[in-house]
Amino acid sequence: MSIQSIGSDYRNLVELNYQLYNGLFLTLPLDAVQQTGVLLPLLEEACRDGLAAGADPAQIVSDFFASHRPEFDEEEQAAFLFKVVQYVERQIVLVDALEDAAFEKIHDTVQGNELHRLAARAGADNLQDELLALLDRFRARVTLTAHPTQFYPGTVLAIITDLTDAIRKQDISRSRNLLQQLGNTPFFNKEKPTPLDEAVNLGWYLGNIFYPAIGRIHARLAEQLSGDYRPNPRLLSVGFWPGGDRDGNPLVTASITAKVAAKLRDLVLSCYHKDIRKLKRRLSFAGVYERLEEIEHRLHRELVNELDAAYSSPEQLIAELEEIRGTVIEKYQSLYLNQLDSFLLKVRTFGFHFASLDIRQDSRMLAASLRQAVEHNPNQFPANFESLDYDKKVDFLLSFKGDTHWRSFEGSFEGDTHWPEAFGRDTHWPEGSDEIFADTMNSLVRMREIQQGNGELACHRYIISNCRGPLDVATLLALLRGTGWAEPAVDIVPLFETIADLNQAGEIMRGLYDDPRYREHVRRRDCKQTVMLGFSDGTKDGGYVTANWSIFKSKEDITRVSRAAGVEVHFFDGRGGPPARGGGSTYQFYAALGRTIESNQIQLTVQGQTISSHYGAKEAAEHNLRQLLAAGLENNLYDQTEREIDLQQRELLEKLSRISFECYQQFKSHPEFLPYLQQMSTMSYYGQSNIASRPPRRGGGGEEDFEDLRAIPFVGAWGQLGQNVPGFYGLGTALKQLKEADRLQDLKNLYRRSRFFRTLVGNSMQSMSKANFELTAYMAEHPRFGEFWRLIHDEFRLSREMVLEISGQRKLLEDNPASRLSIELRQRIVLPLLVIQQFAFMRINRGDRKQSNRSRYEKLIVRCMFGNINASRNSA
C-alpha cells in the first residue's frame, strides 16, 4: 500500500470518525461533558492561536476566562480546568479505540505482514527447509514490566477493548453506552498500587491478548508452511517483572514474589479451564468427553482452593492430553484434532507459569547482602575477605560450593539452622537483621520453590542491574549457593547500562568465560548466556546517538567473545516507550542487526503505554509479534548489505557518536541542567502520580542525585515540557560538524545504505515530531533559565534541519504517515492539557503564599500528566 493510501485511510477511519464520535460524546448526560463540551473548542482555539502569537500559557488561560467566564474566581477557574482535563482524557481514549479499530488498514497488516512475506520468499528461494529448522530453534520473548508509564486502570482498558469492537462493527448505540460508561469511570488511582496489584493488572494482557494471539500465529504459520511445520512451543513466550523487579522498589519482597508466581499459575489454569470447556463441546466422544471432564474438574478444584495442585507438573497434564489425542486419531477419524492440538501447544508454551518471572536487583544491594553474609558467617569466609583484592574475591566466591547453609546472624533462627525451614514460614526476621540481606536470600530460595511448583521456566533468571564486572556475577552465584542450592538452575543475567560499562562489557564477559568454574555453570545452562543492555540509562548517561551506537558495538564485542568461548549469547534489550529509551520501530531496530551480532533470540521489555498500544488489541499484538519474529528470522536466513556496517560507515558513526557525546556531556554539565528539570518540569511530580509502586529514583532521602534518578521521570519530564531532549540532543551538532567537514554526501549515503543509521534517525524524528517549543517559549526570557532554554531550542532546530537534509524528507516522518498523522491528532487534542500544566507551573513559580492554592495547582500538574502521557503512547 502506498504512503498516500495509508494517509488517506487514517484521515477517513480515524480523524473523520473522531469528529463523529466526539460529537456523540458531547450529547451524553455527563456533568463534565455538559460543563466543558461547549467551551473546550474555544479553549483549544485560544491555546493554538495564543501560542502562535507568542502569548505565554498564563496569559492564554487568563484571557480565556476573561472572555468566556469572567465571573469565575480562582477556585472556580481551577475546578473548570480539572473538568477540561477529565474531558480530554476521554477524548484520548476515543482516539485509542478508533486507531485500534482501524489498525489493520492504517498499518497495512496484510501487505505489511513481514512474517508471511518472509515465508513466501523462503519458499520461492528453496529455503523452506532452512526456515523450518530456524523456526525450531529461534526464540522471541516479550517481557512485561511494571515501570510507571501507564495511567489507564484495568477498567478503562476493558472499555477501550469493547469500544474498539463496537466501532469496528459500526454499532452506534453500543458505542454511545460505552462512551457514557467511560465518562463515569475514574481514570486514576487514589492510592499507589502494590506490586501485586500491578501483576494483576498486567495479567489482563496475558489472558486476553497473549494467550490467544500466540496460538493464532502458530496456526497461520502452519497454514502457510503446510504439513511440514512442527510448532516450537518456545518460539514465542512472555516474561514478567511485576513482583520480581526489586531494583529500587522496597515493596517487592520475597513474599510478594511468591504471591505473584501463584497468581500467574491461577491465571493460566483459568485459561486452560475455559479451553477445556470449549473442547468438550466438540470432543463429545465416548472415552474422550469423560477424560476432558475429569481434567476440567481437577483444574476447577485447584482454582477454588479445594486442591493444592491439580497436576504435579505440566508434563503430567500433557501426557493425559496426548492419550486423549491418540484416542481421537484411532477411534474418531481425527475429528476436531486441530482444536485439541492447538490447546496442547498452549499448555506446552505456557506451562503452569504463564510468563517467566524475572528477579532483578541492583549490584550494590547484592554487595551489601554479601557483606552481611560475611558478618553472620565468619567461619565460611577468609578472615581477611573484605581486604582481599578484586581478583581474589572473585576467585573465592566462584569456588564456594554451597554445601553449608549460610545463617542470618550468630545463633539459631527461632530454633532453625537451615535456610529452607526459616524461609518456609516466610516471616520472622529477628529485629536488627538486615532487611536487604533478608530479602535477597529469601528471594533466592523463593526462586527454587517456584521452580519446584510451577516448573523451571516459571522463575529462572536473575538480572543484575548496574553490573560493573565479574565480582557482581560471582557474588550472586555465591549467594545462590549460600541458600544450599549447590547447582542453581538460574540464568545469571548481567545488565550493562552506562556508556563506560557498555564499552567494557565484552571484556567483562571474556573474563567470566575464561574462568572454568563460571564456564561450568554456563555449561549446565546449555552453554547459553543472556546479557541485558539498558537503553534508558545509556541515553541518560551518554545521549541518544552514543547510547545507540555503544549498545550496537557492545553487542558486537560480546558476540565475538561468546562465539570464541563456544557460548551462544542472547541479548535482552531493556527498551522503554520513546526512542530516548530504546523505543520506536521494533521491527526496523531488529532488522538492522547484521551478522556481527548474535540473533538466535530476540528479547525485549515493553512497558506502560507501549504495552497498551502494541499489545492492547489482539490485531495489534499479532502484528507486532509477527514483525518481531520476522526481523529475527530474516537476520538468520538472509544476508543483506544494508544490515552490515563497513569500515567507512563505522568511521562515520564513530565520529557522530564522539561529537554528539561531547555535546551532550557539555549540556549535562551545565550548572542549570538539574535545577531546570527540578523547577521547570514535572520530574519531581512522578512520585505523586500513584501509577506504580516503584519510587521515581533509587536510594533513600537526601538531596536529589542525578545518578540515582530513574530514566522514566527523566525522559518523561522532557516529554511533558514538549522538548523531548533525550531523543535528539547532540544529533544536530554532530551532523552539522560533519557537513562542515565536507561529509554531507557521506551522511546521505549512510542514511540510504545503513538500516541501523536510518532507524536511528527515524526514531529521533519521532521524538522531535512530538516537541512543541511554542509551549515553553516564554522561558526564553526567564531571568535564570532563559539561556538554557535557548540552548535546547537551538539544538532542536539544528537537529530537525539536519535530519531532513540527510534524509531528503520535506517534513518529519514524511515516510511514515500513520505515525505522523496520529501524533498530529493527539498533539492537537492534548494541547489544552499542556497549556494548563504550564499555567499551573507559572502560578506555583510566581510564589503564591497560600498553601491551598499551591496544592491545587500541584494536583492540576499531576492530573495533566496522565492525559499527556496517554496521548503520546510512548513518552516515558
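These numbers were taken from a predicted model, which means no experiment stands behind them.

1. A word on the overall build of the protein
Then comes step 1: When its secondary structure is counted, the protein shows 36 helices and nine strands.
Then comes step 2: By the burial criterion, 61% of the 876 residues in the protein qualify as buried.
Then comes step 3: Put simply, 80% of the contacts in the protein that link residues at least 6 apart link residues at least 24 apart.

2. Here's the deal with the pairing of strand E7 (residues 528–534)
Then comes step 1: Counting buried positions along E7 yields six of seven residues, so the element is predominantly enclosed.
Then comes step 2: Sheet analysis places strand E6 (residues 491–496) next to E7, joined by two bridges and oriented parallel. When the bridges of E7 are listed, Phe496 appears paired with Leu533.
Then comes step 3: In terms of strand pairing, E7 meets strand E8 (residues 568–574) through seven bridges, oriented parallel. Among the inter-strand pairings, Thr530 is bridged to a residue of E8, identified as His570.

3. Some points on the packing of aromatic side chains
Centre-to-centre distance and the angle between the planes together describe a pair of aromatic rings.
Then comes step 1: On inspection of all chains with the given rule, the structure shows 39 aromatic pairs.
Then comes step 2: Aromatic side chains Phe25 and Tyr87 sit 5.3 Å apart centroid to centroid with 25 degrees between the ring planes, which places their arrangement in the stacked category. Remark: Tyr87 occurs in helix H5 (residues 74–101) and Phe25 occurs in helix H1 (residues 3–26); sequence separation between them is 62 residues. Residue Phe25 shares its accessibility class with Tyr87, and that shared class is buried.

4. Re the nonpolar core
Then comes step 1: Core analysis: the biggest nonpolar cluster contains 269 residues, and Leu144, Phe240, Tyr272, Tyr676 and Trp718 have the highest contact counts within it.
Then comes step 2: Per-element accounting of this core gives the leading share, 15 residues, to helix H35 (residues 817–845).
Then comes step 3: Of all hydrophobic cores here, the second largest spans six residues; its members include Trp241, Ile463, Leu495 and Met532.

5. Quick look at the side chain of Thr498
Then comes step 1: Take Thr498: it is sitting in the loop between E6 and helix H21 (499–514).
Then comes step 2: Separated by 3.1 Å, the side chains of Thr498 and Asp501 make a polar contact.
Then comes step 3: Apart from the residues lying within four places of it in its own chain, the contact partners of Thr498 are Arg468 and Asp541.

6. Points about unusual backbone geometry
Then comes step 1: Here Asn305, not a glycine, exhibits a phi torsion of approximately 65 degrees, which is positive.
Then comes step 2: Take Asn305: it is sitting in the loop between helix H13 (289–303) and helix H14 (314–331).
Then comes step 3: Exposure remark for Asn305: the relative accessible area of 71% places this residue in the exposed category.
Then comes step 4: In this structure, Ser334 takes a positive phi of about 60 degrees despite not being glycine.

7. Some thoughts on the packing of H13 against H14
Then comes step 1: For the pair H13 and H14, interaxial distance at closest approach is 10 Å and the crossing angle is 160 degrees. Taken together, H13 and H14 sit at an angle that is classed as roughly antiparallel. Taken as a pair, H13 and H14 cross one another with a handedness that is left-handed. Each of Arg291, Leu292, Ile295 and Arg298 in H13 lies in contact with H14, whose residues at this interface are Gln316, Leu317, Glu320, Leu321, Glu323 and Ile324.
Then comes step 2: Class assignment for the residues of the contact of H13 with H14 results in five nonpolar, one polar and four charged.

8. Section: H5
Then comes step 1: Here H5 spans 41 Å end to end across 28 residues, near enough to the 40 Å set by a 1.5 Å rise per residue.
Then comes step 2: For H5, a buried count of 22 out of 28 residues is recorded, marking the element as mostly surrounded by other parts of the structure.
Then comes step 3: Backbone nitrogen of Glu75 and a side-chain oxygen of the N-cap are separated by 3.2 Å at the start of H5; the cap is Asp73.

9. With respect to the side chain of Thr776
Then comes step 1: Looking at the element boundaries, Thr776 is found in the loop between helix H33 (755–769) and helix H34 (786–807).
Then comes step 2: A distance of 2.8 Å separates a polar atom in the side chain of Thr776 from a polar atom in the side chain of Trp789.
Then comes step 3: The residues touching Thr776, leaving out its near neighbours within four places in the chain, are Leu721, Gln723, Trp789 and Gln838.

10. With respect to the pattern of salt bridges
Then comes step 1: Tallying each qualifying case throughout the model produces 58 salt bridges.
Then comes step 2: As a salt-bridge pair, Arg298 and Glu320 come within 3.2 Å of each other at their nearest N and O atoms. In this pair, Arg298 sits in helix H13 while Glu320 sits in helix H14, placing the two residues 22 residues apart along the sequence.
Then comes step 3: We note a salt bridge from Arg517 to Asp515, for which the minimum N-O separation is 2.7 Å.
Then comes step 4: Among the residues examined, Arg517 registers a relative accessible area of 26% and is labelled partly exposed.

11. Section: the environment of Asp73
Then comes step 1: Locating Asp73 in the fold gives a position in the loop between helix H4 (57–68) and H5.
Then comes step 2: Of note is the side chain of Asp73, whose polar atom sits 2.8 Å from the backbone nitrogen of Glu76.

12. A short note on a negative patch on the surface
Then comes step 1: On the surface, Glu71, Asp73, Glu75 and Glu76 cluster together into a patch of negative charge.
Then comes step 2: Positionally, Glu76 belongs in helix H5.
Then comes step 3: We classify Glu76 as partly exposed; its relative accessible area is 39%.

13. Side note on the sheet that holds strand E3 (residues 356–357)
Then comes step 1: If you walk across this open sheet you meet the nine strands as E3-E2-E1-E9-E8-E7-E6-E5-E4, and the pairing is parallel. Lying at the two open borders of the sheet, with one neighbouring strand each, are E3 and strand E4 (359–362).
Then comes step 2: The pairing of strand E2 (residues 236–240) with E3 spans two bridges and is parallel. Following the sheet pairing, Phe240 is matched in E3 by Leu357.
Then comes step 3: With respect to the sheet, helix H23 (residues 535–542) is in contact with E7 and E8, its orientation differing from that of E7 by roughly 45 degrees.
Then comes step 4: Sheet contacts for helix H24 (residues 544–565): E7 and E8; angle to E8, the most-contacted strand, approximately 160 degrees.

14. Here's the deal with the packing of helix H19 (residues 435–454) against helix H20 (residues 470–482)
Then comes step 1: Two elements in contact, H19 and H20, have axes whose closest approach is 9 Å; the angle formed by their N-to-C orientations is 70 degrees. Classed by the angle they form, the pair H19 and H20 counts as roughly perpendicular. Contact residues: Thr440, Met441 and Leu444 in H19; Leu476, Leu479, Leu480 and Gly482 in H20.
Then comes step 2: Here the contact of H19 with H20 is built from residues that sort into five nonpolar, two polar and no charged.

15. As for the confidence of the model for the protein
Then comes step 1: Model confidence for the protein is summarised by a mean pLDDT of 87, while 89% of its residues fall at 70 or above.
Then comes step 2: Low pLDDT, under 50, characterises residues 409–432; the predicted model gives this stretch 40 contacts beyond four residues in sequence or across chains.

16. What about helix H11 (residues 195–224)?
Then comes step 1: Between its terminal C-alpha atoms H11 stretches 42 Å, which fits the 44 Å expected from 30 residues at 1.5 Å a residue.
Then comes step 2: When the local axis directions of H11 are compared, the greatest deviation, roughly 35 degrees, occurs at Phe210, which is followed within four positions by the proline Pro212.

17. Section: the environment of Lys263
Then comes step 1: Structurally, Lys263 is set in helix H12 (residues 254–282).
Then comes step 2: C-alpha of Lys263 to C-alpha of His353: the two residues are 90 residues apart in sequence and 9.1 Å apart in space.

18. So, the pairing of E4
Then comes step 1: Judged by which residues are buried, E4 turns out to be covered on both faces: Ile359 and Gln361 on one side and Arg360 and Asp362 on the other are all buried.
Then comes step 2: Here E4 pairs with strand E5 (residues 461–465) via four bridges, running parallel. Looking at E5, one finds that Gln361 is bridged to Ile464.

19. Re the environment of Ser237
Then comes step 1: Secondary-structure assignment places Ser237 in strand E2.
Then comes step 2: Along the chain, Ser237 and Ile214 lie 23 residues apart, while their C-alpha atoms are 8.2 Å from each other.
Then comes step 3: Not counting the four nearest positions on each side in its chain, Ser237 is found in contact with Ala140, Arg141 and Val142.

Basis of the calculations
In this numbering scheme, every chain counts its residues from 1 along its sequence in written order. Reporting of local features is limited, given that this is a predicted model, to residues whose pLDDT is at least 70; pairs of side-chain atoms are given and counted only at 80 or more, and all residues count toward the totals for whole chains, interfaces and linings. Side-chain numbers here rest on the full set of heavy atoms in the structure, without hydrogens or water. The way it works is that DSSP assigns letters per residue, a run of H or I at least four long becomes a helix, a run of E at least two long becomes a strand, and they are numbered from the N terminus. Working definition: with a 1.4 Å probe on protein chains only, accessible area under 20% of the residue-type maximum means buried, over 50% means exposed, and in between means partly exposed. Here, residues are in contact when the closest pair of their heavy atoms is within 4.5 Å. At least two DSSP bridges between two strands are needed for those strands to be called paired. Only Phe, Tyr and Trp rings take part, Trp by its six-membered ring, and two of them pair if their centres are within 6.5 Å. Stacked means planes under 30 degrees apart, edge-to-face means over 60, and tilted covers everything else. By nonpolar core we mean a set of buried residues, namely Ala, Val, Leu, Ile, Met, Phe, Trp, Tyr and Cys, connected to one another through side-chain atoms within 4.5 Å. By the criterion applied in these results, polar contacts are pairs of N or O atoms within 3.5 Å in which, for protein atoms, one can donate a hydrogen and the other can accept it, and in which residues neighboring in sequence qualify only through two side-chain atoms. For helices, the axis comes from a line fit to the C-alpha atoms of the stretch in contact; other axes are also lines fit to C-alpha atoms, and the angle between any two N-to-C directions lies between 0 and 180 degrees. Angular relationships are summarised with four words: roughly parallel below 35 degrees, roughly antiparallel beyond 145, roughly perpendicular across 65 to 115, and oblique for the angles in between. Here a crossing is called left-handed whenever its near helix is offset anticlockwise from the far helix by less than a right angle, and right-handed whenever the offset is clockwise. Three classes are used: nonpolar for Ala, Val, Leu, Ile, Met, Phe, Trp, Tyr, Cys and Pro, charged for Asp, Glu, Lys and Arg, and polar for all others, with Gly counted as polar. By this rule, a helix spans an expected 1.5 Å times one less than how many residues it contains. By definition here, a salt bridge exists when the distance from a side-chain nitrogen of Lys or Arg to a carboxyl oxygen of Asp or Glu is within 4 Å. For patches, a residue must show more than 30% relative accessible area and have no salt bridge; joins then use 9 Å for like charges and 5 Å for nonpolar side chains, namely Val, Leu, Ile, Met, Phe, Trp and Tyr. The protein chains shown are the only cover counted for residues, whose accessible areas, like all others here, come from Shrake-Rupley with a 1.4 Å probe. For the charge count, each Lys or Arg is scored as positive and each Asp or Glu as negative, with His and the chain ends excluded. Positions of charges follow a simple convention, taking NZ of Lys, CZ of Arg, CG of Asp or CD of Glu. Per-residue confidence from the predictor is reported as pLDDT, which spans 0 to 100. Bending is quantified residue by residue as the angle between axes fitted to the seven-residue window ending at that residue and the seven-residue window starting at it.

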